[in-house]
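Structure at a glance
Each chain is listed here by its residues.
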Amino acid sequence: MYVRVVRFTGVSAERMKELLARINESDGPPPGIPTTGLRILVDEDQGTAVVEQYFATAEDMEVGARAFSEMDSAQTPGTRASVDSCEVKLELQA
């Protein structure tokens, strides 16, 4: 499994509410983005968010990264501060 981890700054409660509404109303990921999952973490006090986008393969992650990088900034939670492309080496859950 592969995860693209994107950190955003300048995240407002209003913008996050709009983004979550758009996601919840959609029928899945945007066309052409082969993601298998999504997790959004928000720190309202700091105005930051971390978005984890999950992919089955490194190639799928690369395809998704290109598409997400071309997105209009109005479709994101805030200002993109960093992007990491990761392979999951260990996952533990209680």
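Preceding this paragraph is the structure being described.
Presented here is a report on the structure given in the accompanying data block.

Calculation criteria
- Residues numbered from 1 in each chain as written.
- Predicted model: local features only at pLDDT ≥ 70, side-chain atom pairs only at ≥ 80, totals over all residues.
- Heavy atoms only, no water.
- Pairing = 2+ DSSP bridges.
- Helix = DSSP H or I, 4+ residues; strand = E, 2+ residues; numbered from the N terminus.
- Expected span 1.5 Å × (residues − 1).
- Buried < 20%, exposed > 50% of the residue type's maximum accessible area, 1.4 Å probe, protein only.
- Arc of directions from axis to C-beta.
- Contact = heavy atoms within 4.5 Å.
- Salt bridge = Lys/Arg side-chain N within 4 Å of Asp/Glu carboxyl O.

Here we look at the pairing of strand β2 (residues 37–43)
Both β2 and strand β3 (residues 48–55) contribute to a ladder of seven bridges, which runs antiparallel. Along β3, the bridge assignment pairs Arg 39 with Glu 52. Following β2, the chain reverses through four residues before pairing antiparallel with β3; Gly 47 in that reversal takes a positive phi of roughly 70°.

Details of helix α2 (residues 58–69)
A rise of 1.5 Å per residue sets the reference length of α2, with its twelve residues, at 16 Å; its end C-alpha atoms lie 16 Å apart and thus fit the reference within 8%. The complete set of buried residues in α2 reads Met 61, Gly 64, Ala 65 and Phe 68. Buried residues of α2, viewed axially, fall in a sector of 105°; they line one side. Turned more than 90 degrees from where α2 packs its buried face, Glu 59 and Glu 62 sit exposed. Packed against the buried residues of α2 are β1 (2–9), β3 and β4 (79–87).

Some details on the pattern of salt bridges
Under the definition given, this model contains three salt bridges. As a salt-bridge pair, Glu 52 and Arg 39 come within 3.7 Å of each other at their nearest N and O atoms. Taken together, the residues Glu 52 in strand β3 and Arg 39 in strand β2 connect sequence positions 13 residues apart. According to the relative accessible area criterion, Glu 52 is buried, its value standing at 15%. Its relative accessible area of 42% is what places Arg 39 among the partly exposed residues. Ionic pairing is found between Lys 89 and Glu 87, a salt bridge with its closest N-O pair at 3.3 Å.

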